[in-house]
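# Report on the structure
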Amino acid sequence: MKIWVVRILSIIGTLVAVFGFEFFMRGLVAQDQSLDYIYRLAVLAGLFVTLAVSLNLINGITGQFSIGHASFYMVGAYAGATLTNSLYKIQPLGPETWLFVVALGGAVAAGIAGLIVGLHSLRLKGDYLAIVTLGFGEIIRIIVFNQPFLGGSFGLNIADKNDKSLWAVLLLAILCIAVCRNLCQTPHGLAFLAVREDEVASSAMGVNVTRVKVTAFIVGSAFAGAAGALLGVYDGLITPDTFRMDVSFLILTMVVLGGTGSITGSVIAALLLFSIPEWPRFMVEGGKPWQVTGATLLAGAICLIVSVYLVKRTIDEYHGPQRTKTLRIVGIVGGGIIGTVLLGTVFGLIPVLANRTWDVGALRMVFLAVTLIVLMLIRPQGIFGHEEFGWQKAMKALRFGKPGANPT
Amino acid sequence: MTTPLLSLDEATIKFGGLTAVNKVSFDIERGDLFGLIGPNGAGKTTCFNLITGVYKPTSGKILFKGSEIGGTPPNRIAEKGICRTFQNIRLFPSLSVVENVMVGAFLRHKTNIFSAFLYLPGAIRETEQFRAQAMALLEVVDLADVALARAADLPYGKQRRLEIARAMATQPDLLLLDEPAAGMNPQEKEELHLVVRRIRDEFQKTVLLIEHDMRFVMGLCEKIVVLDHGEEIAAGPPEAIRNDPKVIEAYLGEAV
Ligand SMILES: Nc1ncnc2c1ncn2[C@@H]1O[C@H](COP(=O)(O)OP(=O)(O)OP(=O)(O)O)[C@@H](O)[C@H]1O
Ligand SMILES: [Mg+2]
C-alpha cells in the first residue's frame with residue numbers, strides 16, 4: 001500500500017519536473033529564437049545520459065567489454081526513421097504519442113541487434129568481445145552507407161520531424177536510470193553483478209550466465225536504440241557519420257570515467273563530458289569568443305601538471321576523513337587557478353607568448369582531452385568507483401569529523 | 001536398497017594424455033559426512049568439477065538421485081541440488097558479504113526480471129526475504145557482524161566460511177567443500193568442524209569434503225575415499241583408512 005503511494009507520488013513528481021522543464025525551455029526558445037541551440041543541447045545531453053547508463057548496464061554492471069554502443073544507437077535511429085517515413089502519414093495517433101511508437105520501434109530493432117552481438121559474448125571475453133562489438137558497429141555503418149534506400153552517405157530525411165521532443169528524451173533517460181537502479185536492488189541485479197565478478201562462481205551458484213549476458217545486451221542496446229530513434233525524429237536527418245566509432249568511444253569514456261558499474265557516475269560523467277566542449281560557446285564577449293593567449297595556455301598547462309601531482313600525492317598519502325580531503329583538493333585547484341593567472345602575467349611579458357592568441361572555441365577538444373587525463377590521473381577508478389549516490393551517504397559525507405560512521 | 005544420493009560409476013576424465021580421474025566409483029547416501037582425500041594432484045578437485053558440470057566425463061556415469069548428470073551445465077546442477085565451494089576462494093569480491101550470500105539464494109527466485117526492472121512489490125518482497133535468509137545463514141557461519149563489508153576485505157578464514165554460507169543459500173541437498181580448512185588456524189578449524197557438523201545434523205545436508213588436514217578429516221568424516229594419481233586406492237571408515245598400507249604408501253610415511 002505504502003509502496004504504491006510513494007511510487008505514484010514519485011512518478012507524478014517526475015512528470016511535473018519533466019514537463020515543467022519542457023515548458024520552461026520552450027518559453028526560452030519562444031522569447032529568443034537564437035536560444036534554440038540550448039534546447040538542442042538539452043536533448044543531446046538527455047540522449048547521452050541514456051547511452052552512457054545503458055552501456056553501463058552492459059560494461060559496468062555485467063562486466064562485458066562492449067565498445068560499439070553507437071551501432072545500437074544507429075540501428076535505433078534508422079529503424080525509427082524508416083518507421084516514421086512509412087507509417088506516420090497513415091497513423092491515427094498524435095505527434096506526441098507517435099514518439100512512444102518510434103522509441104519502441106527503435107528499441108525493438110536495436111534489441112534484436114543486441115541479441116545478435118550478445119550471443120557472441122558467450123564465447124568471447126574481454127578484448128576479443130570488444131573487437132567483435134567494434135567490428136559490428138563498423139559493419140552496420142558501412143552497410144547503411146551503401147544502401148540507397150537508407151539514404152547512403154547523404155543520410156535519411158525524416159519529413160515528419162518533431163523538434164519539441166525534449167520531454168520524451170528526458171523521460172527515456174529517467175526510465176533507463178530507473179530500470180538499471182531497480183534492477184541492481186534486487187537479486188536479479190545481484191546475479192548480473194555476480195557475472196561481472198566471477199563467471200565460474202556464479203554459474204556454480206545456479207546463475208544462468210548465458211541468459212544474464214544476453215539480457216544485458218538486449219536491454220542495454222534497446223535503450224540505446226530508443227535514444228537513436230528519438231534523435232532521428234528530433235533532428236529530421238540522420239547520417240551514418242553521426243554514429244562513427246568516436247561516438248562509441250565517447251560513450252565508453254563516460255562509463256569508465258563515471259566509475260564502471262555506477263549509474264550515478266555514468267549520469268554525471270555523461271553530462272560532464274557532453275557539456276565540456278560546449279562551454280566555449282558561452283565564453284563570448286561582445287559577440288566574439290574569448291581570446292586565449294599563448295602565455296595563459298602555457299601557464300595553465302604548468303599549473304595543471306603541478307596541481308594534479310599534488311592532489312594525487314595528497315590522496316595517496318592522506319587517508320583522513322573525506323571532508324578534509326575534499327577541502328585540500330579545492331584548495332589545490334584554487335591555488336592552480338591563481339597560479340595560472342600569476343604565471344600567465346609573468347609569461348605575458350614575453351612577446352611571443354603574449355601575441356599568439358586562439359579563439360576559445362578552437363580549444364574545445366583540448367578541454368575535453370585535458371579533463372579526461374586529469375580525472376583519470378586523480379581517480380583511476382572513476383568519479384564514483386562502484387558507488388552509487390544515496391541521500392544517507394551524502395548526509396554522512398557532509399557531517400563533520402565522524403569518519404567512523406561508515407559500516408564496515 | 002534405496003538409491004544413493006550421488007553415485008560415481010567408473011567416472012573418468014582425460015586431459016590430453018593425462019588421466020586426471022580414472023574409473024572412480026563411490027556412493028554417497030543421504031546424510032553422509034563423506035571425505036575425499038589424496039596427495040596433491042590426485043584428482044580431487046577434478047572430481048568436484050565433474051560432479052558440478054565444469055567438465056564432462058570422458059567415460060563413466062555420475063548419477064544424482066538416480067539420474068545421470070554428467071555433462072549437465074553447472075547452473076543446472078546447482079538447481080538440481082548440488083552446490084560447492086572452491087579451493088582457490090572465488091567470492092564476488094566487490095559485493096558485500098550479505099550480497100554474496102544473496103546471489104546463492106538467487107536460483108530460488110520466483111519473480112521475473114520485469115518485476116525487478118520495475119521494482120514491483122513482488123520483487124521487493126523477494127529481496128527482503130532473500131536478505132533475511134542470507135542473514136540467518138551468516139549467523140550460522142558467524143559472519144553476521146561483517147554482513148555489510150566488501151567480501152574482498154575479509155580475512156582468509158572468514159572468506160572460506162562465507163563461501164560455505166553462499167553455497168548453503170542455494171539450499172542444496174549435497175554440499176561439496178573443497179579444502180574448507182585450508183589456511184585456517186587451529187581454533188578456526190575447531191569452529192569450522194562444529195559448523196560442518198551443524199550443517200549436517202541441523203540442516204540435514206549431505207556433505208562431501210576434500211581436505212588435506214588428516215586430523216580434521218578423520219575427526220569429522222564417517223566415510224572416506226582416497227585418490228592417488230586419479231585412481232581410487234582405498235575407501236571405508238576413518239579407522240580402516242588410517243591403517244591401509246596403500247594409503248600410507250601414497251602419503252609416503254606422512255602421519256595419517
Ligand atoms: N583443465 C585441466 N587441463 C589439464 N590438466 C588438468 C586440468 N585440471 C586438472 N588437471 C590436472 O589433473 C590433475 C589433478 O588435479 P586436481 O586439481 O584435481 O588435483 P587435487 O587432487 O585437487 O590436488 P590439490 O590437493 O593440489 O588440490 C593434476 O595433474 C592437474 O594438473
Ligand atoms: Mg584440489
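Residues numbered from 1 in each chain as written. Chains lettered and ligands numbered in written order. Predicted model: local features only at pLDDT ≥ 70, side-chain atom pairs only at ≥ 80, totals over all residues. Heavy atoms only, no water.

Moving on to the domain arrangement of chain A. Residue and element names in this part refer to chain A. What the domain assignment reports for chain A is domain 1 (2-282) and domain 2 (285-383). Taken over C-alpha atoms, the centre of domain 1 sits 33 Å from the centre of domain 2. Between domain 1 and domain 2, the residue contacts involve 12 residues of the former and 13 residues of the latter. Of the roughly 1,100 Å² buried between domain 1 and domain 2, counting both surfaces, carbon and sulfur atoms make up 79%. Where domain 1 meets domain 2, there are zero salt bridges. Our enumeration of links across domain 1 and domain 2 arrives at zero residue pairs in polar contact (both at pLDDT 80 or more). Looking at the side of domain 1 that touches domain 2, the element that brings in the most residues is helix 10 (residues 245-258), giving five residues. A per-class count over the side of domain 1 that touches domain 2 returns eight nonpolar, three polar and one charged. (Domains from an automatic or database assignment. Contact = heavy atoms within 4.5 Å. Buried area = accessible area lost by both parts, 1.4 Å probe. Salt bridge = Lys/Arg side-chain N within 4 Å of Asp/Glu carboxyl O. Polar contact = N/O pair within 3.5 Å; in protein donor to acceptor, adjacent residues only side chain to side chain. Helix = DSSP H or I, 4+ residues; strand = E, 2+ residues; numbered from the N terminus. Nonpolar A, V, L, I, M, F, W, Y, C, P; charged D, E, K, R; others polar.)

Considering all chains together, one arrives at zero disulfides over all chains under this definition. Counting only cysteine sulfurs, A:C180 is the nearest neighbor of A:C184, a cysteine outside any disulfide, at a range of 6.9 Å. This cysteine, B:C221, is not joined by any disulfide, and B:C47 carries the nearest cysteine sulfur, 15 Å off. (Disulfide = S-S within 2.5 Å.)

So, on to the sheet that holds strand 7 (residues 174-178) of chain B. Where strands meet in a sheet, backbone hydrogen bonds hold them as pairs that are either parallel or antiparallel. All names here are of chain B. Strand order in the open sheet formed by six strands is 6-7-8-3-9-10, with mixed pairing between adjacent strands. Only two strands of the sheet have a single partner each, and these edge strands are strand 6 (82-84) and strand 10 (231-236). If you compare each strand with its neighbour and ignore which way they point, the axes differ by 20° on average. Bridge count between strand 3 (residues 33-37) and strand 8 (residues 206-210): four bridges; the pairing is parallel. Following the sheet pairing, F34 is matched in strand 8 by L208. Across the face of the sheet, helix 1 (residues 44-51) comes into contact with strand 3, strand 6, strand 7, strand 8 and strand 9 (223-228) while running at roughly 145° to strand 8. Contacts from helix 6 (residues 156-168) reach strand 6 and strand 7, with the element oriented near 160° to strand 7. (Pairing = 2+ DSSP bridges. Axes fitted to C-alpha atoms, helices over the stretch in contact; angles between N-to-C directions.)

Once that is clear, we can look at the domain arrangement of chain B. All names here are of chain B. Examined at the domain level, chain B breaks down into domain 1 (1-81 + 174-256) and domain 2 (88-171). Its C-alpha centre places domain 1 at a distance of 26 Å from the equivalent point of domain 2. Every contact between the two is made by 18 residues of domain 1 and, on the other side, 11 residues of domain 2. Buried area between domain 1 and domain 2, summed over both chains or domains, comes out near 1,300 Å², and the portion from carbon and sulfur atoms is 74%.

Next up on the list: the packing of aromatic side chains. The final tally for this structure, using the stated rule, is nine aromatic pairs over all chains. Measuring from ring centre to ring centre gives 5.9 Å for A:F72 and A:F136, while their planes differ by 35°; the resulting arrangement is tilted. Taken together, the positions of A:F72 in helix 3 (residues 69-87) and A:F136 in helix 5 (residues 126-145) put the pair 64 residues apart, joining distant regions of the chain. There is no split in this pair, since A:F72 and A:F136 are both buried. Taken together, a centroid distance of 5.1 Å and an interplanar angle of 75° make the contact between B:F15 and B:Y55 edge-to-face. (Phe/Tyr/Trp six-rings, centres within 6.5 Å; stacked < 30°, edge-to-face > 60°. Buried < 20%, exposed > 50% of the residue type's maximum accessible area, 1.4 Å probe, protein only.)

Taken residue by residue, the interface counts 33 residues in chain A and 40 residues in chain B. Carbon and sulfur atoms supply 71% of the area buried between chain A and chain B, which totals about 3,100 Å² over both sides. The largest share of the area that chain A buries against chain B comes from A:P187, A:H188 and A:M205, three residues that together contribute 23% of it. Our count for the chain A to chain B interface comes out at eight residue pairs in polar contact (both at pLDDT 80 or more). No other element matches the nine residues that helix 7 (residues 187-197) of chain A contributes to the side of chain A that touches chain B. Its residues assigned to classes, the side of chain A that touches chain B shows 18 nonpolar, 11 polar and four charged.

Right, let's talk about the site of ligand 1 for a bit. Residue and element names in this part refer to chain B. The environment of ligand 1 is formed by 14 residues, the closest being K44, T45, T46, Q87 and H212. Residue G41 places a main-chain N or O atom 2.9 Å away from an oxygen atom belonging to ligand 1. Between E179 and ligand 1, the recorded distance is 3.5 Å, taken from a side-chain N or O atom to an oxygen atom. Compared with its free state, where it exposes 640 Å², ligand 1 has 65% of that area covered by protein. (Near = heavy atom within 4 Å. Areas by Shrake-Rupley, 256 points an atom, 1.4 Å probe, with all protein chains shown as cover.)

Now for the nonpolar core. Among the nonpolar cores identified, the biggest contains 154 residues, and A:L47, A:F243, B:L138, B:L162 and B:V226 are the most heavily contacted of them. For this core, the element with the most residues is helix 2 (residues 36-61) of chain A, which contributes 16 residues. Apart from the residues lying within four places of it in its own chain, the contact partners of B:L138 are B:V97, B:V98, B:V101, B:L143, B:A144, B:A147, B:L162 and B:A165. (Core = buried A, V, L, I, M, F, W, Y, C linked by side-chain atoms within 4.5 Å.)

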